Amino acid sequence: MTRAGVAATLVVTAATAGAFANPATAATSTFTVNLGTSTGAMMHGANGALYGVSDAGVPSANLVTPLNVTTIAQGPPGDTQHPNGDAGKISASFEREDGNGKILVYLQDVYSSWPYPTETESSYLATVNTIMAQIESSPQRADFEIVPYNEPDQQWFDLGSGSTSDYNTFYSWWDATYSEIESDDPGALVVGPNESGFDSAFLPGFLAHAKAAGDLPDVISWHELSGTSLADFATHYADYRADETAAGITTPIPINIDEYGNRSDLSVPGQLVQWIAMFEKAKVYADQAYWDIAGNFDDLMTGQNTPTGAYWLYYWYARMTGNSVAVTPPSPNTVDTLQGVASYNTGNKQAQVILGGSSGASNVVVNGVSSSVFGSHVTATVEATNWTGYSGAGPAPQVISRTTYSTSSGSITVPLTNMNSMSAYHIVLTPSNVSSATTPTVPYSAAYYAAAASITDATVYAQGSESNPGGYATADTEDVGSISKSDSAVAFSVTAPTSGSYNLAIYYGNETGTWATQALSIDGVADEFVDYPATLNWLWRNYVNVPVTLTAGTHTITLAVDNATLGNSTGQVTLDQIILSAASSAATEYESTLGRTSGTVSYDYSTSDGTGEGTLDLASGAASTVDVYAPSNGYYTTSVRYSAAGGSSLTLTANGEPVAGSSLPSTSGSISTGSASVYLQAGLNPVTVTASGTGTVQDLLVAASPSSTGTTYQAESSSNTRAGTAAVEADTWASGGDYVGWIGDASANTLTFNNVYAASAGTYMLLIAYANDDTSGSGNYNSNIESRWSQISVNGGTATTEVFANTYSWDNFRTVAIPVTLKAGENTIEFSNSTGYVPNLDYIQVAQL
């Protein structure tokens, strides 16, 4: 028996060739952008998250920093509502990761139960005093914004009743709480009233009272969690501003919708772009809702360092600079329809559009395309990011079209075809030096829904949809479950347009707590079991990739419980969809003009040849950073297209560490290519080019897979030293069949890797494979998963502390990478924790940087 994803490849043939037929689609819609009508500076207010950060380092700075986060919402110091997300504990790392971000502090989350326990006014004020003393003493005090009440319409005050008595009670408490906060921390920003939805009955009276009392919130907040919020928010916003005016408030108060989105919206690029468009248009701040776990930025991220498909939508959003401009969607203020945001930066000579939310085709008409900005021709580059589930890794977006247009008419039309309603799209307009662009190569890909397949002894279940917004997202609002009988099977009829190698992505959920398997066969030929790691629950979508080789034509791919050749599978999974994609070894291109910059830079399109978006000119000390996705840990061949004249040079760093042998020397002035072997950790990696003197950088080309990895040392090896309770335990899913557990919880319980060899002294990447499934109870309404920590000491030196995010099962082993300094020859690396357990350790890997 071979296992999918290790080295197995199926080879099958088809008797006849066939063509994949796309389903019928609606008439082509029109989405209009007017570059000549500014709607204000880009705010990026919609990029926040409630409990998006669980611990310092979860998620990583690599993921958080590029999003230019404006606000997050967290629990207070001493939070007991959840086991993590304490603003006091995460604030220093969040401030370091993005100095512009503000942290909303939900004071009532100090209570462990939901609904919050009933308090008297005096006892609550005492609680507020205690919390504020910790906030006031924090070095990050200026980053906090205080939310004294959470959904007071549903608890404590019952504001939804419309009762004058209930309103007056809240007014009294609000006055007293506001006064307590300002007394404890003068100048603190207070956020409220923070109801569970927009309350047109309560807000006018509250604003009038607070204005008269002198305790208006510094930021007005409410939640948008309804299935109709996408249609209703524009009216809510307009009504609120009218309420302000009626109350005599002459300066509009900033707004934060500090919980937004339904469970079926989160993780889905095509859903989330509708919310972003709505909030950016109104210029309000907003934070995604926290429906499941803390520490994954509400499903934009998975593990500690890996983006999901939805992450890249917010990454694009953060790169949109200059002013937002007017857009006209086909159906404004309508749930689950094509919506978007556009920006225009004349200094960078870029216009950008992000949009999504519908299937079929749409013409994106861009008016106001000025030849004084773009020249005689403009190139429109379109890329897509797709839904990868709640915890599936999202690779870098793929360029799906690139077309050059004349600017003579001042208007261009960019066609989008075969759109997927769960995907989001990014259009970038830049000047072109040629009249015709090079068409990008787009590998074939087709999705097949499990609910539409041939199903034997299993059940189709309805999931999240417009009519069921609280349900989990699935590829077509349905999935297949109860695949648990001996004859249960799901058979997909698929088409391969040409003979060759394909990747089969299987979207699934697995709540068994360990790995599950299914028998995979193609055209009746059984060859392997597919292994599915555990997920948070049956609907917490992930995917596994299986390489297959197909001949051109139609094939039947079957996933079954039992197979006469292979035997019985183990556990069970739910199935959502499969995606069949042509295998590609093409390098991924990262354009410098669409990346992040520091220092003095300028944008140059004079050599733009229809294959990219131009070059970035760097003054001395200036830097260009692109954020590179790596599917696995290892050394990647990385090419930099650049120029550096007159004795200047460029240097390359990855994850903040210099890349050995990567100095890019002076050139003749034209664009040259320099290459290096760059160690990348699985997930996202900032790769930076810095100028010494002046230089120009065009792009980075990164290989699709690593050429090599580091040196591996198994935790259970007899050459290591286990002390105290540390012990070797068997686990089929550990890389060597064993791991070391019971490390920590006392200073004597340690594991030391001996004989860790370094060819020369220097900085190395230490990769740690581990498992952690700690939880804190069942949670009030979330899954209260927890991280673990370890102190790590090299050669007996001062220990550093590393955090290890939850892996959803003690049998799921993931990796964390940290740089360490090793001496030449043999080294020791010790893992310990005197106050809690270290995660179960599978192996470490050491790679020279």
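Keep in mind that what you see is a predicted model, and the values were worked out from it rather than measured. (Residues numbered from 1 in each chain as written. Predicted model: local features only at pLDDT ≥ 70, side-chain atom pairs only at ≥ 80, totals over all residues. Heavy atoms only, no water.)

With respect to the packing of aromatic side chains
Keep this limit in mind: What counts as a ring pair is set by centres within 6.5 Å for rings of Phe, Tyr and Trp (its six-membered ring), and what kind of pair is set by the plane angle: stacked under 30 degrees, edge-to-face over 60, tilted for all other angles. Runs of E in the DSSP output that reach at least two residues are strands. Runs of H or I that reach at least four are helices, and both are numbered from the N terminus. Remark: exposure states derive from per-residue accessible area (1.4 Å probe, protein chains only) relative to the maximum for the residue type, with buried under 20%, exposed over 50%, and partly exposed in between. Two thresholds decide whether a charge sits over a ring: the Lys NZ or Arg CZ must be within 6 Å of the ring centre and within 35 degrees of the ring normal.
Across all of its chains, the model carries 46 aromatic pairs by this definition. Relative to Phe 279, the ring of Tyr 260 has its centre 5.0 Å away and its plane inclined at 65°; by these criteria the two rings are edge-to-face. You can see Tyr 260 sitting in strand β10 (residues 255-260) and its partner Phe 279 sitting in helix α7 (residues 269-282), a full 19 residues away along the chain. Of the two residues, Tyr 260 and Phe 279, both sit in the buried class. Over the face of the ring belonging to Tyr 315 we find Arg 319, whose NZ or CZ atom lies 4.7 Å from the ring centre.

A few points about unusual backbone geometry
Put simply, Val 58 and Pro 59 share a cis peptide bond, and its omega is 0°. With respect to the element layout, Pro 59 can be found in the loop between β4 (48-49) and α1 (61-64). We note that Asp 299 has phi near 80°; this positive angle belongs to a residue other than glycine. Its place among the elements puts Asp 299 in the loop between β11 (285-288) and β12 (301-302). One non-glycine residue, Asp 745, adopts positive backbone phi at about 70°. Within the element layout of this structure, Asp 745 appears in the loop between β49 (738-741) and β50 (751-758). The partly exposed category is assigned to Asp 745, whose relative accessible area is 39%.

Points about the pattern of salt bridges
Pairing of side chains with opposite charge becomes possible as their charged atoms draw close. We apply this condition: Salt bridge criterion: a side-chain nitrogen from Lys or Arg within 4 Å of a carboxyl oxygen from Asp or Glu.
According to the stated counting rule, one finds 12 salt bridges in the structure shown. Ionic pairing is found between Arg 141 and Glu 136, a salt bridge with its closest N-O pair at 3.7 Å. Using a relative accessible area of 32% as the deciding quantity, one classes Arg 141 as partly exposed. Across the pair Lys 283 and Glu 280 runs a salt bridge, and its minimum N-O distance is 2.7 Å. For Lys 283, a relative accessible area of 22% translates into the label partly exposed. With relative accessibility at 2%, the residue Glu 280 sits in the buried group. By sharing partners, the salt bridges in this structure join Glu 136, Arg 141 and Asp 185 into a single network.

Notes on the pairing of strand β21 (residues 424-431)
Going by this rule: Any two strands with at least two DSSP-identified bridges between them are counted as paired.
Judged by how many residues are buried, β21 sits mostly within the fold: 8 of 8 residues are covered. Residues Ala 424, His 426, Val 428 and Thr 430 line one face of β21 and the alternating positions Tyr 425, Ile 427, Leu 429 and Pro 431 line the opposite face, and both faces are buried. Note that strand β16 (residues 350-356) and β21 share 6 bridges and pair antiparallel. In the strand pairing of β21, Ile 354 is matched with His 426.

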